[in-house]
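As a plain string of letters, each chain reads:
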Amino acid sequence: MKKKVLSALLCVLVLLTVAAASGCGGKSAVLNVYNWGVYIAPGVIKQFKKETGIKVNYTTYDSNEALYSKISSGAASYDVIVPSDYMISRMIEEDMLAELNFDNIPNFQYIGDSYKSLEYDSENKYSVPYTWGNTVIFYDKTKVDAEDIAEQSIDLLWNKKYSGQILMFDNPRDAFGLALKKLGYSMNTTNKSEWEAAAAELKAQKPLVQAYVMDQIYDKMISGEALIAPYYAGDLLVMQADNPNIECYIPKEGANLFADAMCVLKTSTHKAEAEMFINFMCRTDIAVKNAEEIGYATPQMEARSLLDPSITSNRSIYPPDEDLVNAEIFINLPPDITRLQSSLWTDIKKD
Amino acid sequence: MKFLSRLYTFLVFGFLYAPIAVMVVYSFNSEKSRTNFGTFSLRWYIELFSDSVILKSLYISLVVAVLSALIATVIGTFAAVGIDGMKGAMKKAYLTVNNIPVVNPDIVTAISMMVLFVFFITRINGLNMGFGTLLIAHITFNIPYVILSVLPKLRGMDSNIYHAALDLGCPPTKSFIKVVIPEILPGIITGFIMAFTLSLDDFVISYFNSGSTAQTLPVTIYSMTKRPYSPKINALSTLLFISVMLLLVVVNARQSAGEKRGSDKRKGVR
Amino acid sequence: MNSGGVGKRLTIAPYTLWMSVFVVVPIALVIYYAFTDGHGRLTLENMKSIADYGKTFFMSIKLALFSTAICLLAAYPVAYGISRFEARRQQTTIMLVMLPMWMNFLIRTYAWMTILEGNGLINRLVRAFGGEGFSIINTNGAVVLGMVYNFLPYMILPIYTVLTKIDKSTIEAAQDLGANKASIFRRVLLPMSVPGIISGITMVFVPAVSTFVISKLLGGGKTFLIGDIIENYFLGNTGSVDYNIGAALSLVLMALILISTTVMNHFDKDMGEGGGGIVG
């Protein structure tokens, strides 16, 4: 009996190995794509393989920092990655990204001009924007008093009235960004005392915070577990679909304007194929699919015009310029500030 | 008294299975929420099968679990035979090293291997974190458990049987396969199942040691920070759970049938 | 079984090689990183900075001890109960103990969030019966619960294993000599199950003291444990990667566990006969 179990397992093993081998075999290029978790529409990768014959190893990460540490350790190699703005400028500074050949990316023409050549890649040599958006403050309109949101201020996150019902970013860059803006400083300040003041703000906020979370924000907001949370504007519709009481505003002190853009690593051995992939992702039908799946604003103008107008007219997701006067894009911080941020954040969390 | 103890055991099992029950129920939720239940629907099962990223990482999880358990069982069984034949300080040294991955916290094992891979891969061209490093890491933490389950069986075995086989003219390799292996088979199978289980349950080791070519299911789930927790995962877990249950029922039924025929002298797998 | 010779040496060679390369060398590398700075120069700075994390260490140990104690108290009666079943039922029941582990622990921990949240299943049940809802999620209590849940099988299995090895005639003999149930437990069962208890304690305490996922998911990111800090230093989630301090922290964690297991093993030798395997 046991022998049978064992031989059955052996058969399974042989089958699996054969399957794995056949998957890896052949001379066609294999592209390693590293993207945020659930940041692509289902079926897109399959379609790319079907149309080009290029196989994609698609893996996912949970934060810019995790992405950076995997790549900077030098142990894992990827072709296409999708970092956010400040991480792109850091990678450019550290000479990790390859200059793109835009002749291979004709669909770049569909990208809106206002999303090209932004601060993080000022000559637009290294990146093709994939999504963009801004941080907003979500709240439950039935439970948060109108007077408290009238100000449209970051202060709502520090309002003692809602102690225990406030969620906060579990990532230092976004959390400090809010605290710095609350104090009227720049999110990209290099003044150490401003960082320390922001840390004091965050420490003061900790007793009011229900939890430091990222993806759990959806569930906690939808179920009414929490009433107030900062997050990315593109998530509004996902939340409203399950809880129509959720609204959001762009804080008047200034939001973080972010972009996630596709880049090719210098170490990539399949640069042409990587550019093919990027071009494919910018194709209108694919961009529409992805935008519908992800919900974040797309910089692909033709795709944007094909989207449901109720989405593209949403002032939080596709805000007009006047709403973004105080908004800032994260740029890469100098190493000593990054270290300071890291130790301040650890301090806040561990006490 | 007996009733109380039954009730207590029942409660503990309730505790162990409560989250699984929740998962199964919510996999049929028509809504996306993890807390609100809409109506019964198969929506997430349908969406699951069109999600190639999740399916691929499930496949990697299973391949890594099967391969690492098998390789660890082979290496571990042979090693156990060798360790069993040792004496004194040598044996002690082997057992100590063997215990390191067992006693060390997952995270320490994980980072120490990651440091090793980073250290060497960045110095040798053409190597990469990926399926290979994932598999190596899993094999490494699996081997000690195989040894720990095979060793007691060897200790309890009468070495005269093996010598008798040799005396009767059976060549060493053949007598090993024909005599020793069957004697310690329950230990080997326990070791294999143990290794397979640990590999499937692991998140920490894979989180630190996967790379560009492969990642396991839990790593994929953990990376879903930009999206809400998808009920597709519940659907997938439910399917996995049901298949494991079915497998166990089949194995159990066959075992009891075998026992009725009185063909199985051994106490069976533990 | 004992029959040395060249053959035996050969069978162990792959293992020796494997363990040297993938266990011994990595540990040596961790030690190397712990005592050097970013440029490979020898330094004690990393070890000195450990002092900053005293509070975190204390918190991790406290929560891990709590969950180990709860696991022990919860697991012993179950293990005993199972060991009294007839052989066939024992097998099935033990399988049922291990079965949840085939669902990855991350998935099961997510499910706990659904159960524990303010609007979660428990609270809704309580409210349905007119009770007042209470809050468990995002507290240290929730983290302990998550630890107990995840590691309970590791306590049940080794205790169960030693209990099955106890000869029924020993207990019968004690009964014949007039011992009552309490004294049989105290003087016979408990001392004989010490090896299993020790393995169980180690197998629960170690993963509990070093976890970083449970604290993140059930503690709402407010309970920061030593595992969280190590993770941050190696994966740079707080912005900067520092293998050196991370390695120093890991080394201290390792030493801590080494010391406690050594102490436990001494205890084991004093009390029982020893030799209770870590696995069944």
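This one's a predicted model, so the numbers in the text were calculated from it and none came from an experiment. (Residues numbered from 1 in each chain as written. Chains lettered and ligands numbered in written order. Predicted model: local features only at pLDDT ≥ 70, side-chain atom pairs only at ≥ 80, totals over all residues.)

**Student:** For this particular structure, what's the right way to read the overall build of chain A?
**Tutor:** Helix and strand counts for chain A come out as 14 helices and 10 strands. Whereas a compact globule of 351 residues would reach a radius of gyration of roughly 20 Å, chain A reaches 22 Å, a difference of no more than 12%. Taken along its principal axes, the extent of the C-alpha atoms in chain A is 65 × 60 × 45 Å. Out of the 351 residues in chain A, the part that is buried amounts to 50%. Across chain A, contacts joining residues at least 24 apart in sequence account for 76% of those joining residues at least 6 apart. (Helix = DSSP H or I, 4+ residues; strand = E, 2+ residues; numbered from the N terminus. Rg over C-alpha atoms; globule rule 2.2 N^0.38 Å. Buried ≥ 20, exposed ≤ 12 C-beta atoms within 10 Å, placed from the backbone. Contact = placed C-beta atoms within 7 Å.)

**Student:** Explain the overall build of chain C to me, please; I cannot follow it from the model alone.
**Tutor:** Tallying secondary structure elements over chain C gives 12 helices and zero strands in all. Start at the N end of chain C and walk to the C end: the helices and strands fall as α-α-α-α-α-α-α-α-α-α-α-α. C-alpha extents for chain C along the principal axes are approximately 75 × 70 × 30 Å. Out of the 280 residues in chain C, the part that is buried amounts to 47%. Long-range pairs, those at least 24 residues apart, make up 73% of the contacts in chain C between residues at least 6 apart in sequence.

**Student:** So what exactly am I meant to see when it comes to the domain arrangement of chain A here?
**Tutor:** The extent of an interface is frequently quoted as the accessible surface area lost upon association of the parts. Residue and element names in this part refer to chain A. Here the domain parsing of chain A yields domain 1 (28-131 + 259-318) and domain 2 (133-257 + 326-350). The interface is formed by 17 residues belonging to domain 1 together with 16 residues belonging to domain 2. No other element matches the five residues that helix 4 (residues 85-93) contributes to the side of domain 1 that touches domain 2. Among the residues forming the side of domain 1 that touches domain 2, the class breakdown is eight nonpolar, five polar and four charged. (Domains from an automatic or database assignment. Nonpolar A, V, L, I, M, F, W, Y, C, P; charged D, E, K, R; others polar.)

**Student:** Got a minute to help me understand the pairing of strand 9 (residues 256-264) of chain A in this structure?
**Tutor:** Each regular strand shows side chains that alternate between the opposite faces of the sheet. All names here are of chain A. Most of strand 9 sits out of view: nine of its nine residues are buried. Here strand 9 shows a buried face lined by Asn 256, Phe 258, Asp 260, Met 262 and Val 264 and a second buried face lined by Leu 257, Ala 259, Ala 261 and Cys 263. Across two bridges, the pairing between strand 3 (residues 80-81) and strand 9 is antiparallel. By the bridge assignment for strand 9, Val 80 is matched with Val 264. Pairing between strand 4 (residues 127-140) and strand 9: seven bridges, direction antiparallel. Among the inter-strand pairings, Thr 131 is bridged to a residue of strand 9, identified as Asp 260. When strand 9 meets strand 10 (residues 328-329), the two strands line up parallel, connected through two bridges. (Pairing = 2+ DSSP bridges.)

**Student:** Looking at this model, I keep getting lost on the nonpolar core. Mind explaining?
**Tutor:** In summary, soluble globular proteins display a tendency toward joint burial of nonpolar side chains. One finds Val 80, Phe 138 and Ile 228 of chain A together with Met 155 and Ile 156 of chain C to be the most contacted residues of the largest nonpolar core, which totals 266 residues. With 18 residues, helix 3 (residues 52-84) of chain B is the single largest residue contributor to this core. (Core = buried A, V, L, I, M, F, W, Y, C linked by C-beta atoms within 7 Å.)

**Student:** I'm lost on the interface of chain C and chain A in this one. Help?
**Tutor:** Counting residues at the interface gives 19 residues for chain C and 24 residues for chain A. Contributions of two or more residues to the side of chain C that touches chain A are made by helix 3 (54-84) and helix 11 (226-235) of chain C. No other element matches helix 11 of chain C, which puts three residues into the side of chain C that touches chain A. For the side of chain C that touches chain A, a count of residues per class yields four nonpolar, 12 polar and three charged.

**Student:** Whenever I open this one, the packing of helix 6 (residues 172-182) of chain A against helix 7 (residues 192-205) of chain A confuses me. Can you help?
**Tutor:** Packed helix pairs are specified by the crossing angle of their axes together with the interaxial distance, meaning the distance between the axes. Residue and element names in this part refer to chain A. Running from N to C, helix 6 and helix 7 cross one another at 105 degrees; their axes reach a closest spacing of 9 Å. With respect to helix 7, the axis of helix 6 lies roughly perpendicular. Two secondary-structure elements touch here, helix 6 through Ala 175, Phe 176, Ala 179, Leu 180 and Lys 182 and helix 7 through Glu 194, Ala 198, Glu 201 and Leu 202. Within the contact of helix 6 with helix 7, the residues separate by chemical class into six nonpolar, no polar and three charged. (Axes fitted to C-alpha atoms, helices over the stretch in contact; angles between N-to-C directions. Parallel < 35°, antiparallel > 145°, perpendicular 65-115°, else oblique.)

**Student:** What is the right way to look at the interface of chain C and chain B in this model?
**Tutor:** If you look at the interface, chain C gives 78 residues, while chain B gives 77 residues. Counting residues per element, the ones that place at least two in the side of chain C that touches chain B are helix 1 (6-34), helix 3, helix 4 (87-98), helix 5 (105-116), helix 7 (140-165), helix 9 (181-210), helix 11 and helix 12 (243-271) of chain C. Looking at the side of chain C that touches chain B, the element that brings in the most residues is helix 1 of chain C, giving 18 residues. Here the side of chain C that touches chain B is built from residues that sort into 52 nonpolar, 20 polar and six charged.

**Student:** Help me out: how do you make sense of the confidence of the model for chain A in this one?
**Tutor:** Here chain A averages 90 in pLDDT, and 92% of its residues register 70 or above. This stretch, residues 9-26 of chain A, has a pLDDT under 50; its non-local contacts, to residues over four places away or in other chains, come to seven contacts. (pLDDT = per-residue confidence, 0-100.)

**Student:** It is not clear to me how the environment of Ala 72 of chain B should be interpreted in this structure. Could you clarify?
**Tutor:** Residues and elements named next belong to chain B. Structurally, Ala 72 is set in helix 3. Through-space distance from the C-alpha of Ala 72 to that of Arg 254 is 27 Å; in sequence the pair is 182 residues apart. With residues up to four places along the chain from it excluded, the contact list for Ala 72 reads Ile 139, Asn 142, Ile 143, Val 146 and Ala 195.

**Student:** When you look at the packing of helix 1 (residues 2-27) of chain B against helix 5 of chain C in this model, what are you seeing that I'm missing?
**Tutor:** In the contact formed by helix 1 of chain B and helix 5 of chain C, the axes pass within 8 Å of each other and the chain directions differ by 85 degrees. Taken as axis vectors, helix 1 of chain B and helix 5 of chain C run roughly perpendicular relative to one another. Residues Ala 18, Pro 19, Ile 20, Val 22, Met 23 and Tyr 26 of chain B of helix 1 of chain B touch helix 5 of chain C, and the partners they reach there are Ile 107, Arg 108, Ala 111, Trp 112, Thr 114 and Ile 115 of chain C. Class assignment for the residues of the contact of helix 1 of chain B with helix 5 of chain C results in 10 nonpolar, one polar and one charged.

**Student:** What should I look at first to understand helix 8 (residues 168-176) of chain C in this one?
**Tutor:** Three- or four-residue spacings in an α-helix give side chains the same orientation, since the helix completes a turn every 3.6 residues. Counting buried positions along helix 8 of chain C yields zero of nine residues, so the element is predominantly exposed. Backbone geometry just downstream of helix 8 of chain C places Gly 178 of chain C in the positive-phi region, at approximately 95 degrees.

**Student:** Hey, could you run me through the confidence of the model for chain C in this one?
**Tutor:** Detailed conclusions should not be drawn from predicted coordinates in areas where pLDDT is low. Residues and elements named next belong to chain C. Confidence in the prediction of chain C, expressed as mean pLDDT, is 86, and 92% of residues score 70 or more. The weakest mean pLDDT in chain C belongs to helix 8 at 83; the strongest belongs to helix 3 at 94. Low pLDDT, under 50, characterises residues 272-280; the predicted model gives this stretch 30 contacts beyond four residues in sequence or across chains. Taken over the whole predicted complex, pTM reads 0.88, whereas the ipTM for its chain interfaces reads 0.86.

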